[in-house]
Amino acid sequence: MSERELVVVTGFGPFRQFLVNPSWITAQGLKLAGMGRHIDVYIKELPVSYSSTQRIIAELWQTLRPKFAVHLGIARGSSLVILEQTGKNSGYSTRDVCSFCPTDHRCIEGGPEKLDSVVNMRAISKHFKQAGMDVVHSRDAGRYLCDFAYYCSLYHGERRAAFIHIPSSGSLSSAGRLVPLLQEIIVMMLDQLEEVKCHSET
């Protein structure tokens, strides 16, 4: 990567007991830590609102045209970092903080039922698990704002996105341990993205 490229990182706003959402604090930590000298990091807080999240994510992709987007959300009751592979289009029946549900309970009218990230989350989680880290992959992001945001980003970003559920408990829930780990994970995702790009061009 010779030219500077942009990575968008989002976290969520206040939600239930989280007056300041740990996912947003983590996004701010990643902005400070950086992703290396060729990557600029742009962070954005997403409200826990379907309509606002849908609009903001579409605008981020259309105006900033990032190389990649990473969305962070809190996994309540979990001590693991969970790399989500898949975003789902339908099944959104839980109301957001505005007591709103999406039309027809779906993200994008006419969109595919599910979209997978171009990044192989299983391979990345395996790498970190072998190094003794509590990192796993998943194909179910929960059909709430996390899943909704992820699908919208995969749709608008041609699948160049990741969703990471961060732990709410355990040693990895501390920013001092979590941010450096996420930094490593995201850099590996970007490396994998470059490999995918090279293969598609040959």
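Parameters at a glance
- Residues numbered from 1 in each chain as written.
- Predicted model: local features only at pLDDT ≥ 70, side-chain atom pairs only at ≥ 80, totals over all residues.
- Heavy atoms only, no water.
- Helix = DSSP H or I, 4+ residues; strand = E, 2+ residues; numbered from the N terminus.
- Pairing = 2+ DSSP bridges.
- Axes fitted to C-alpha atoms, helices over the stretch in contact; angles between N-to-C directions.
- Contact = heavy atoms within 4.5 Å.
- Parallel < 35°, antiparallel > 145°, perpendicular 65-115°, else oblique.
- Left-handed = near helix turned anticlockwise from the far one by under 90°.
- Nonpolar A, V, L, I, M, F, W, Y, C, P; charged D, E, K, R; others polar.
- Core = buried A, V, L, I, M, F, W, Y, C linked by side-chain atoms within 4.5 Å.
- Buried < 20%, exposed > 50% of the residue type's maximum accessible area, 1.4 Å probe, protein only.
- Phe/Tyr/Trp six-rings, centres within 6.5 Å; stacked < 30°, edge-to-face > 60°.
- Expected span 1.5 Å × (residues − 1).

Caption draft 1: Looking closely at unusual backbone geometry. The residue Asp104 is not glycine, and still its phi comes out positive at about 60 degrees. As for its position among the elements, Asp104 is in the loop between strand 5 (86-88) and strand 6 (114-116). A positive phi angle is found at Glu158, which is not glycine, with a value near 50 degrees. Examined against the element boundaries, Glu158 turns out to sit in the loop between helix 4 (145-156) and strand 8 (161-167).

Caption draft 2: Just the sheet that holds strand 7 (residues 135-138), in detail. Read across the open sheet, the six strands follow the order 2-1-3-8-4-7; overall the sheet is mixed. Both edges of this open sheet fall to strand 2 (39-46) and strand 7, since each of them pairs with a single strand only. For this sheet, the mean inter-axis angle between neighbouring strands, taken without regard to orientation, is 25 degrees. As judged from the four bridges shared by strand 4 (residues 81-84) and strand 7, these two strands associate in the parallel manner. Of the residues in strand 7, the one forming a bridge with Ile82 is Val136. Sitting on the sheet, helix 2 (residues 50-64) is in contact with strand 1 (5-12), strand 2 and strand 3 (68-75), with an inclination near 160 degrees to strand 2. The strands that helix 3 (residues 121-130) touches are strand 4, strand 7 and strand 8; relative to strand 7, the one it contacts most, it runs at about 165 degrees.

Caption draft 3: Broad picture of the packing of helix 2 against helix 4. For the pair helix 2 and helix 4, the least separation of the axes is 9 Å and the interaxial angle reads 30 degrees. The angle between the axes of helix 2 and helix 4 places the two elements in the roughly parallel class. When the axes of helix 2 and helix 4 are compared, the crossing they make is right-handed. For the pair helix 2 and helix 4, the contacting residues are Tyr50, Thr53, Gln54, Ile57, Ala58, Trp61 and Gln62 in the first and Leu145, Phe148, Ala149, Cys152, Ser153 and His156 in the second. In terms of residue class, the contact of helix 2 with helix 4 is built from eight nonpolar, five polar and no charged.

Caption draft 4: Representation of the nonpolar core. Val81, Ile164, Ile185 and Met189 are the most contacted members of the largest nonpolar core, which totals 59 residues. Among the elements that make up this core, the one with the highest residue count is helix 5 (residues 175-201) (nine residues). In contact with Met189, not counting residues within four places along its chain, are Phe68, Leu83, Val119, Met121, Ile124, Ala162 and Ile164.

Caption draft 5: Broad picture of the packing of aromatic side chains. Under the defined criterion, the tally for this structure stands at seven aromatic pairs. Look at Tyr92 and Phe148: their rings are 5.4 Å apart centre to centre, the planes differ by 85 degrees, and that puts the pair in the edge-to-face class. Here the residue Tyr92 occupies a position in the loop between strand 5 and strand 6, and Phe148 occupies one in helix 4, the gap between them amounting to 56 residues. The exposure class of Tyr92 is buried, given its relative accessible area of 0%. Taking relative accessible area as the criterion, Phe148 reaches 1% and is therefore assigned buried. Plain terms: the ring middles of Tyr151 and Tyr155 are 6.4 Å apart, the flat faces sit at 20 degrees to each other, and that makes the pair stacked. With Tyr151 and Tyr155 both in helix 4 and four residues apart, this pair spans about one turn of that helix. Classification of Tyr151 by relative accessible area gives buried; the value is 0%.

Caption draft 6: Here's a closer look at helix 2. Look at helix 2: 21 Å from first C-alpha to last across 15 residues, which is about the 21 Å you get at 1.5 Å a residue. What helix 2 keeps buried is the set Tyr50, Ser52, Thr53, Ile56, Ile57, Ala58, Leu60 and Trp61. If you follow the buried residues of helix 2, they end up packed against strand 1, strand 2, strand 3 and helix 4. At the exit of helix 2 stands Arg65, carrying a positive phi of roughly 45 degrees.

Caption draft 7: Region of interest: the environment of Val118. Note on placement: Val118 falls in the loop between strand 6 and helix 3. Given the relative accessible area of 22%, Val118 is considered partly exposed. Distance from Val118 to Ala162, taken between C-alpha atoms, is 8.7 Å for residues 44 residues apart in sequence. Look past the residues within four positions of Val118 in its chain and what remains in contact with it is Glu158, Arg159, Arg160, Gln192, Leu193 and Val196.

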